[in-house]
Amino acid sequence: MAPPDLKDPVQRAAYARELHGVARGVRLAGLWLAASGALVLVARRFQWPDIPLWLAAGMVGLGAMLMITGIAARTRYHALRMRD
């Protein structure tokens, strides 16, 4: 695939939409998992102290790793796409 012409506004907008969809599910899953882990941490602090700390911290950690994986995949896609 040839790299897009980023000087052309139409092609730049099309490439931005294309890049937005790369690893979107992985990035959103990581965001939701990290946010739900943070909510579990808050719930553990105020209402449910029986929830193990490792569970909540693990959720936040896995969510962060998924977000980093999605960002890395998107960056790699961009680098490969812009290569001649």
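Just above, that's the structure.
Structure report, in brief. Note that the structure is a prediction, hence the values are computed from the model and not measured. (Residues numbered from 1 in each chain as written. Predicted model: local features only at pLDDT ≥ 70, side-chain atom pairs only at ≥ 80, totals over all residues. Heavy atoms only, no water.)

### Describing the pattern of salt bridges
Side-chain pairing between opposite charges can occur once the charged atoms of the two side chains come close.
In step 1: What the rule picks out here adds up to one salt bridge.
In step 2: Here R81 makes a salt bridge to E18, at a shortest N to O gap of 3.0 Å. Residue R81 is located in helix α3 (residues 53–82), and its partner E18 is located in helix α1 (residues 9–20); the two are separated by 63 residues in the primary sequence.
In step 3: Here R81 falls in the buried class, since its relative accessible area comes to 12%. (Salt bridge = Lys/Arg side-chain N within 4 Å of Asp/Glu carboxyl O. Helix = DSSP H or I, 4+ residues; strand = E, 2+ residues; numbered from the N terminus. Buried < 20%, exposed > 50% of the residue type's maximum accessible area, 1.4 Å probe, protein only.)

### A word on the packing of aromatic side chains
In step 1: This model, assessed by the stated rule, comprises zero aromatic pairs.
In step 2: We note R45 situated over the ring of F46; from NZ or CZ to the ring centre the distance is 5.5 Å. (Phe/Tyr/Trp six-rings, centres within 6.5 Å; stacked < 30°, edge-to-face > 60°. Lys NZ or Arg CZ within 6 Å of the ring centre and 35° of its normal.)

### Focus: α3
In step 1: The end-to-end C-alpha distance of α3, which contains 30 residues, comes to 44 Å, matching closely the 44 Å that a straight helix rising 1.5 Å per residue would cover.
In step 2: Listed in full, the buried residues belonging to α3 are A56, M59, G63, G70 and R81.
In step 3: Where α3 is buried, its residues touch α1 and α2 (24–46). (Expected span 1.5 Å × (residues − 1). Contact = heavy atoms within 4.5 Å.)

### A word on the side chain of R81
In step 1: At a separation of 3.0 Å, a polar atom in the side chain of R81 contacts the side chain of E18.
In step 2: Residues within four places of R81 in sequence aside, it is in contact with M1, A2, P3, P4, Y15 and E18. (Polar contact = N/O pair within 3.5 Å; in protein donor to acceptor, adjacent residues only side chain to side chain.)

### Focus on a nonpolar patch on the surface
In step 1: Residues L28, L31 and W32 make up a contiguous nonpolar surface patch of roughly 330 Å² in combined accessible area.
In step 2: Inspection of the secondary structure puts L31 in helix α2.
In step 3: By relative accessible area, which is 44% here, L31 ends up partly exposed. (Patch = residues over 30% accessible without salt bridge, like charges linked within 9 Å, V, L, I, M, F, W, Y side chains within 5 Å. Areas by Shrake-Rupley, 256 points an atom, 1.4 Å probe, with all protein chains shown as cover.)

### Notes on the packing of α2 against α3
In step 1: It is at 7 Å that the axes of α2 and α3 come closest, and there the two elements cross at 160°. Overall, the two elements α2 and α3 adopt an arrangement that is roughly antiparallel. Once α2 is placed against α3, the crossing between them reads as left-handed.
In step 2: Here the contact of α2 with α3 is composed, by residue class, of 17 nonpolar, five polar and three charged. (Axes fitted to C-alpha atoms, helices over the stretch in contact; angles between N-to-C directions. Parallel < 35°, antiparallel > 145°, perpendicular 65-115°, else oblique. Left-handed = near helix turned anticlockwise from the far one by under 90°. Nonpolar A, V, L, I, M, F, W, Y, C, P; charged D, E, K, R; others polar.)

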